[in-house]
Amino acid sequence: MSTTAHSTSQLTSPAPMPASSTPGRFGVYGGRYVPETLMAALLELDAAYEAAQKDPAFHAELDGLLKNYVGRPTPLYYAKRLSETLGGAKIYLKREDLLHTGAHKINNALGQALLARRMGKHRIIAETGAGQHGVATATVCALFGLECVVYMGEEDMRRQEPNVYRMRLLGAEVRGVNSGSATLKDAINEAMRDWVTNVRSTFYILGSALGSHPYPTMVRDFHRVISKESKQQILEQEGRLPDAIVACVGGGSNAIGAFYEYIPDASVALIGVEAGGRGTALGEHAARFQKNGGGVPGVLQGTYSYVLQDNAGQVATTHSVSAGLDYASVGPEHAMLHDSGRATYTSATDAEALDAVKVLSRTEGIIPALESAHAVAEAIKLAPTMGKDKIIMVNVSGRGDKDLGILRAEMDLSGEAKG
Amino acid sequence: MPIDFSNKPGLVIYFTAGDPDLSTTRDMAIAAIDSGADVIELGVPFSDPLADGPVIQRASERAVAKGTRLSDVLGICKEIRDARPQAGIILFSYLNPVVRFGMEAFAKAAKEAGADGVLLTDLIVEEAGGYLPLMQKYDLAPVFLAAPTSPDSRLKAIAEASQGFVYAISRVGITGAQTELANDAQGLVERIKRFTKLPVALGFGVSTPQHVRAVAEFADAAVVGSAIVALVEKTPAADAAKAVGDFVRSLKSGS
């Protein structure tokens, strides 16, 4: 729409003030839109991250822990029965669900915790949606003996109750947030309020490729290992790159990690799958890139990206059966990949995701997280349209143990014949 | 330009526009001006006020739920301006409603509504490259926040980019009333004044006549926000203008 294009050009016109330009842009997206109080902390974080990136000792410690504590590399597994059932492309699964704590989130939580320790910050805060980032953060805080406070929407605490208990068991304090829709967006608001208040002592471990610079870059860098490994693994197993990589996109951390090393490889289609929820009206879904779905460029929680909002600029509520995809904005690098056409973004509905959980469970013996099931659902649609010589790689970002309560409520299996 | 703090103590009064409703906001602003407020900050309610404490969060939520839009806030800005030409009016917003409105369309409309300046909570000076020329083009004062955590290099940039006044945040944290003023507030105001001759207004946690009097010792004005919004919250709409007027009078007289 014309007002959008107009405001975009105004926001990003040259001649920044003062003379230096702001870093952390992905095309026109990204940047740093925060209250001034946070700027000193963001600049300090920026400098510390840059120094850590150049320090071989930092990488050695991170790589060692990723291998021996977290369980990397994760397998790349050829899902033969699923592929044959669908009768089209070969489907490979990148098994991030096998990591310690059950999802990709720990790649980033560990990296940021090491950075916090390096910076001498002993109090850690985090937000969480599905609870996987909260659990990962609570885990690394236990590992390093750091104080940990996790903000979580009360709606998410209810539907991801096992993860609340896991965080508490790990020694973290979980603070419920009941503003807005009591989901991920509201948890981030509250975490940012905590950070503004305790900025001198506190490190904010942000869990998705969101927020103001340097977070989107830093989070992506810590998840790049996914595509680094998968590229080597597919070359070993198939001698060539995949035709498509499919990943679910909430904030977009697992997807950017799964895509990143393939961005220069034009033959590899990059497909992000958003939450289609239960309908196409604003408030019924979390599909930021869906045409006419209400997602237009705007500023939310520190970054310029697509935001689901009404025409007065109020951020919309969202719905998804998966708490981890239930968010009104999306990482700025995805916004750039969307606009450039390098990646395409589609969506899977709640019903399709639930069905995909069942399909993957019964063809491969793998119960995916509801978030990851959105990616599986896309593969289920896509594979039959492609030849048997084609290859789809699906990033299984997490395991479904945390979702058993939701699954039980949504799908009654008692009395059902063996599938 | 009617941003003038020469009638001591300088006083900036913040309202969340549309709480409890737009016409009451207008009436309260006029009452505040008549009781000694030098500048009115009209807050545009936003769904995600991440720099605000519980009081302004609740007010924003109520105003958003009533459907208050940026265009409505511009509407009462014009009414206040027409009723009281002598007072300063600053539009105070998070960035997204302005981006959605269109930055230039907003600047033009703000000028037409009689606003003197604009403060965007989540727009830092480095990101203001497109915004500042528009403020200049439409003769609006860009007001930036300065924080206790801002190093001198940032304060200098903030002071140079600001017009009208510089808004100093008294303490790290979100908005909200406090019993005591932060002790690093005076140091911040002194640091800012090294870089500018503009007035400096101090806000966040300024809530009583005693605070206002104390702030007047070292700053040009005090900003009172959450204490006003809390008063509005507990007062029936029909009595709100009078209650605000009485409170502002006590703030101005320092007792």
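Further up the page is the structure itself.
Residues numbered from 1 in each chain as written. Chains lettered and ligands numbered in written order. Predicted model: local features only at pLDDT ≥ 70, side-chain atom pairs only at ≥ 80, totals over all residues. Heavy atoms only, no water.

**Considering the layout of surface pockets**
And step 1. In this structure, the largest pocket occupies an estimated 360 Å³ of space.
And step 2. Contributing to the lining of the largest pocket are 23 residues, with Gly180, Lys185 and Val315 of chain A together with Ser47 and Val64 of chain B lying nearest its centre.
And step 3. In terms of residues, the lining of the largest pocket owes the most to one element, helix 2 (residues 54–65) of chain B, which gives five residues.
And step 4. Of the residues belonging to the lining of the largest pocket, the class tally is seven nonpolar, ten polar and six charged. (1 Å grid on protein atoms, 1.4 Å probe; cavity = no way out; pocket = protein on both sides within 12 Å on 5 of 7 lines; lining within 4 Å. Points joined across faces, edges and corners; volume = space filled by probe spheres on them. Helix = DSSP H or I, 4+ residues; strand = E, 2+ residues; numbered from the N terminus. Nonpolar A, V, L, I, M, F, W, Y, C, P; charged D, E, K, R; others polar.)

**A word on the pattern of salt bridges**
And step 1. Scanning the model with the defined rule gives 55 salt bridges over all chains in all.
And step 2. In this structure, arginine 175 of chain A and glutamate 173 of chain A form a salt bridge, with 2.7 Å as the shortest nitrogen-oxygen distance.
And step 3. Glutamate 173 of chain A gets classed as partly exposed once you look at its relative accessible area, which sits at 38%.
And step 4. As a salt-bridge pair, aspartate 246 of chain B and arginine 249 of chain B come within 3.1 Å of each other at their nearest N and O atoms. Taken as a pair, aspartate 246 of chain B and arginine 249 of chain B lie in helix 11 (residues 237–253) at a separation of three residues, close to a single helical turn.
And step 5. Aspartate 246 of chain B sits in the partly exposed class, given a relative accessible area of 34%.
And step 6. Given a relative accessible area of 46%, arginine 249 of chain B falls into the partly exposed group.
And step 7. One salt-bridge network, held together by shared partners, links Arg123, Glu147, Glu173, Arg175 and Asp194 of chain A. (Salt bridge = Lys/Arg side-chain N within 4 Å of Asp/Glu carboxyl O. Buried < 20%, exposed > 50% of the residue type's maximum accessible area, 1.4 Å probe, protein only.)

**Concerning the packing of aromatic side chains**
Residue and element names in this part refer to chain A.
And step 1. All chains considered together, the criterion is met by 16 aromatic pairs over all chains.
And step 2. Ring geometry for phenylalanine 58 versus phenylalanine 222: centroids 6.5 Å apart, planes at 45°, classification tilted. Taken together, the positions of phenylalanine 58 in helix 3 (residues 56–70) and phenylalanine 222 in helix 10 (residues 215–223) put the pair 164 residues apart, joining distant regions of the chain.
And step 3. Classification of phenylalanine 222 by relative accessible area gives buried; the value is 6%.
And step 4. Through a chain of ring-to-ring contacts, the aromatic side chains of Tyr29, Phe289, Tyr304, Tyr306 and Tyr345 assemble into a single cluster.
And step 5. For the cation-ring pair, lysine 90 lies above tyrosine 78, with the distance from its terminal atom to the ring centre recorded as 4.9 Å. (Phe/Tyr/Trp six-rings, centres within 6.5 Å; stacked < 30°, edge-to-face > 60°. Lys NZ or Arg CZ within 6 Å of the ring centre and 35° of its normal.)

**A word on the sheet that holds strand 10 (residues 269–277) of chain A**
Residues and elements named next belong to chain A.
And step 1. Strand order in the open sheet formed by six strands is 3-4-14-9-10-13, and the pairing between neighbours is mixed. Strands at the two margins of the open sheet, each flanked by one partner only, are strand 3 (76–78) and strand 13 (343–349). Across the sheet, the mean angle from the axis of one strand to that of its neighbour is 25°, orientation sign disregarded.
And step 2. As paired elements, strand 4 (residues 90–95) and strand 14 (residues 391–396) share six bridges and run parallel to each other. Within strand 14, the position partnered with tyrosine 92 by the bridge is methionine 393.
And step 3. Of the strands in this sheet, strand 3, strand 4 and strand 14 are in contact with helix 11 (residues 225–238), which crosses strand 4 at around 140°.
And step 4. The sheet contacts of helix 14 (residues 350–364) involve strand 3, strand 4, strand 10 and strand 13, and relative to strand 13 the element is tilted by about 90°. (Pairing = 2+ DSSP bridges. Axes fitted to C-alpha atoms, helices over the stretch in contact; angles between N-to-C directions. Contact = heavy atoms within 4.5 Å.)

**Structural notes on the nonpolar core**
And step 1. Grouped together as the largest cluster of nonpolar side chains are 104 residues, with contacts concentrated most on Ile13, Tyr131 and Val224 of chain B.
And step 2. With sequence-adjacent residues up to four places away left out, tyrosine 131 of chain B is seen in contact with Met103, Val118, Leu119, Leu120, Leu123, Pro142 and Phe144 of chain B.
And step 3. Val70, Met119, Val150 and Val196 of chain A belong to the second-largest nonpolar core, a separate cluster that totals 72 residues. (Core = buried A, V, L, I, M, F, W, Y, C linked by side-chain atoms within 4.5 Å.)

**With respect to the interface of chain B and chain A**
And step 1. At the interface, 49 residues of chain B touch 49 residues of chain A.
And step 2. Roughly 4,000 Å² of surface becomes buried between chain B and chain A when both sides are summed, with 54% attributable to carbon and sulfur atoms.
And step 3. Of all residues in chain B, Leu50, Arg100 and Glu127 of chain B bury the most surface against chain A, accounting for 21% of the area lost on that side.
And step 4. Across the contact surface, chain B and chain A share four salt bridges.
And step 5. The salt bridge involving arginine 154 of chain B is made with glutamate 36 of chain A; its shortest N-O contact spans 2.8 Å.
And step 6. On the surface where chain B and chain A come into contact, there are 21 residue pairs in polar contact (both at pLDDT 80 or more).
And step 7. Those elements that place two or more of their residues in the side of chain B that touches chain A are helix 2, helix 4 (95–101), helix 5 (103–112), helix 6 (131–137), strand 6 (145–146) and helix 7 (152–161) of chain B.
And step 8. The dominant element in the side of chain B that touches chain A, judged by the number of residues it contributes, is helix 4 of chain B, at five residues. (Buried area = accessible area lost by both parts, 1.4 Å probe. Polar contact = N/O pair within 3.5 Å; in protein donor to acceptor, adjacent residues only side chain to side chain.)

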